[in-house]
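Architecture at a glance
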Amino acid sequence: MFIGRHVFVLAAVLLLAACGGGRDPASMKFRSYSGPSVTHVVVHKQARKMYLLHHDSIMKVYDIGLGFDPTGDKKIEGDGKTPEGLYMIDRRNPNSRFHLSLGIDYPNAADRAEARFLGKSPGGDIFIHGRPPAYQNGVWDWTWGCIAVTDREIEDIYAMIRTDRPTPILIMP
């Protein structure tokens, strides 16, 4: 009787785990957040840090990866640099090939004019995004100009930054 009861309890636990305990891994990337709003983001490229702020209070700090040639401002498509200046985070990509991503409105009018003067394209599609397994090997600066964090961190950032109104992002050298 004692063994029978343990077998029954074990079977019930396994059945419950199979029915409701196993969440779809894709749905786990969408986290909820109910804290203070992120009013702006500051990136310090040289320090490889990104700060999420609520007015003048730092809410979170993240270590970041940048473009594969991170020193200097992005001028043209393919230069491997992360842009510098004031931009807006204005869109979400839940289907990013880099887990999740938040779009930055690069290039602005000045970026386009500068690239046109050089006879080149300014590029585009600059995002804050996660890191695929191929780049979880200690190499930090590997993107084509984006800002990379861990997949777990982009899940939190994605939940914290609203895109129903653009969020300013200042990217400093």
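The sections below set out a description of the structure shown in this document.

**Describing the sheet that holds strand β6 (residues 126–129)**
Taken together, eight strands build an open sheet; the order of strands is β3-β2-β1-β8-β4-β5-β6-β7 and the sheet is mixed. The outermost strands of the open sheet, each flanked by one partner alone, are β3 (57–63) and β7 (147–148).

**Overview of helix α2 (residues 109–117)**
The N-cap of α2, judged by a side-chain oxygen 3.1 Å from the amide nitrogen of Ala110 a few residues on, is Asn108. Of the residues one or two after α2, Gly119 is the one with positive phi, at around 75 degrees.

**Observations concerning the pattern of salt bridges**
Taken as a whole and assessed by the stated rule, the structure comprises twelve salt bridges. Here Arg31 ties to Glu155 by a salt bridge, and the two come within 2.6 Å at their closest N and O atoms. You can see Arg31 sitting in the loop between α1 (2–21) and β1 (40–44) and its partner Glu155 sitting in helix α3 (residues 151–160), a full 124 residues away along the chain. Residue Arg31 is classed as partly exposed on the basis of its relative accessible area of 32%. Note on Glu155: relative accessible area 8%, which makes it buried. Connected through shared salt-bridge partners, Arg31, Arg152, Glu155 and Asp156 make up one network.

**A look at the environment of Ile154**
Mapped onto the fold, Ile154 is located in helix α3. Along the backbone, Ile154 and Arg31 are 123 residues apart, and their C-alpha atoms lie at a distance of 10.0 Å. Sequence-distant contacts of Ile154, that is, excluding residues within four places in its chain, are made with His99, Leu100, Ile128, His129, Gly130 and Val149.

Rules and cut-offs
- Residues numbered from 1 in each chain as written.
- Predicted model: local features only at pLDDT ≥ 70, side-chain atom pairs only at ≥ 80, totals over all residues.
- Heavy atoms only, no water.
- Pairing = 2+ DSSP bridges.
- Helix = DSSP H or I, 4+ residues; strand = E, 2+ residues; numbered from the N terminus.
- Polar contact = N/O pair within 3.5 Å; in protein donor to acceptor, adjacent residues only side chain to side chain.
- Salt bridge = Lys/Arg side-chain N within 4 Å of Asp/Glu carboxyl O.
- Buried < 20%, exposed > 50% of the residue type's maximum accessible area, 1.4 Å probe, protein only.
- Contact = heavy atoms within 4.5 Å.

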